[in-house]
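# Notes for the structure review
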Amino acid sequence: MIWDTHAHLDDPRYREDFDQVLENMKNAQISRVTNVGYDLASSEHSVDLAHRYDFIYAAVGVHPHDAEGVTPETWGTLLQLAKDEKVIGWGEIGLDYYRDLSPRPVQQEIFIQQIELADQAGLPIIIHDREAHGDLLKIVKEHPPKHGGVFHCYSGSWEMAKIVLNLGFYLSFAGPLTFKNARHTVEVASKVPLDRFLVETDSPYLTPEPYRGKRNEPTYVREVVARIAKIRELSLKEVAQQSFQNAVRLFNLN
Ligand code: NI
């Protein structure tokens, strides 16, 4: 049993072969997937997918790229969606200083507002942090989410990881852990407490080796699990079980 805790199956790149992608997942024993929203439409789509398939769960939220597009209605609609029993997280939210698609002060404001909304909704947060480590840490220290959260596709150093773990967050590993230049992430994966990590694909992005260059899909989360197993000298099954239990704990499911 493996849980891909971060995917975007609503992406148009799955339109042609969606059923096949789900079939591949089942054959590879990927038993759960969290479909994560990044704006209003994708959050609605995530909830819709979660209603159609029992093994799909949803997260709702506005990505920093889309922070500027938030209107007064956005939060009301998301809070309404968050009441659904298949919605288990608020995300993905955070800061992206790599692409800077929304002005940084707007990204920060929208991130803080969503931590408060997640608290209201009783949900953990799913954090996107790209080249914004300093400001992101400052915000989560000043506004600690009541129901915890996870740094999705963790990309920081072990030094930063220690701070993040002390604040109670989980770290999630994705395809980049399998890349040749993943020295820092490998170090983090070798030291993270076994009860504090998750695995994910971020499909259709961040395809792991040896599939790099192709479209990603939840099945390939096995490559991430296998890489952690090798780093920790554990079996694939042990890593799968441990990360599954961690996700159950963070997302408050049985
Ligand atoms: Ni994502």
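Anything mentioned here points back to the structure above.
Bear in mind that the values here come from a model prediction, so they are computed numbers and not experimental data. (Residues numbered from 1 in each chain as written. Predicted model: local features only at pLDDT ≥ 70, side-chain atom pairs only at ≥ 80, totals over all residues. Heavy atoms only, no water.)

### Observations concerning the overall build of the protein chain
- For the protein chain, the helix and strand inventory stands at 9 helices and 8 strands.
- The principal-axis extents of the C-alpha atoms in the protein chain amount to approximately 45 × 40 × 35 Å.
- Here the analysis covers contacts within the protein chain between residues at least 6 apart in sequence; of these, 72% occur between residues at least 24 apart. (Helix = DSSP H or I, 4+ residues; strand = E, 2+ residues; numbered from the N terminus. Contact = heavy atoms within 4.5 Å.)

### Things to note about the coordination of the nickel ion
- The protein atoms that coordinate the nickel ion are His6 (NE2), His8 (NE2), Glu92 (OE) and Asp202 (OD), at distances of 2.1 to 2.3 Å.
- In this structure, the nickel ion is surrounded by 4 donor atoms whose angles at the metal cover 86 to 174°, and the resulting shape is irregular.
- Coordination of the nickel ion draws on donor residues from a single chain, spaced H-x1-H-x83-E-x109-D in sequence. With Glu92 in strand E4 (residues 87-96) and Asp202 in the loop between strand E8 (197-199) and helix H8 (221-232), this pair connects stretches of sequence that are 110 residues apart. Just as Glu92 is buried, Asp202 falls in that class too. (Donors = N, O, S within 2.8 Å, 3.2 Å for Na, K, Ca; no water. Tetrahedral: all angles 85-135°; square planar, octahedral: opposite > 155°, others 65-115°. Buried < 20%, exposed > 50% of the residue type's maximum accessible area, 1.4 Å probe, protein only.)

### Thoughts on helix H9 (residues 236-250)
- An ideal rise of 1.5 Å per residue puts 21 Å on 15 residues; H9 measures up with 21 Å between its terminal C-alpha atoms.
- Turning to H9, its buried residues number three or more, namely Val239, Ala240, Ser243, Phe244, Asn246, Ala247, Val248 and Leu250.
- Check the buried side of H9 and you find it contacts strand E1 (2-7), strand E2 (30-36), strand E6 (149-151), strand E7 (170-173), E8 and H8.
- Directly beyond the C-terminal end of H9, a positive phi value near 60° is found at Asn252. (Expected span 1.5 Å × (residues − 1).)

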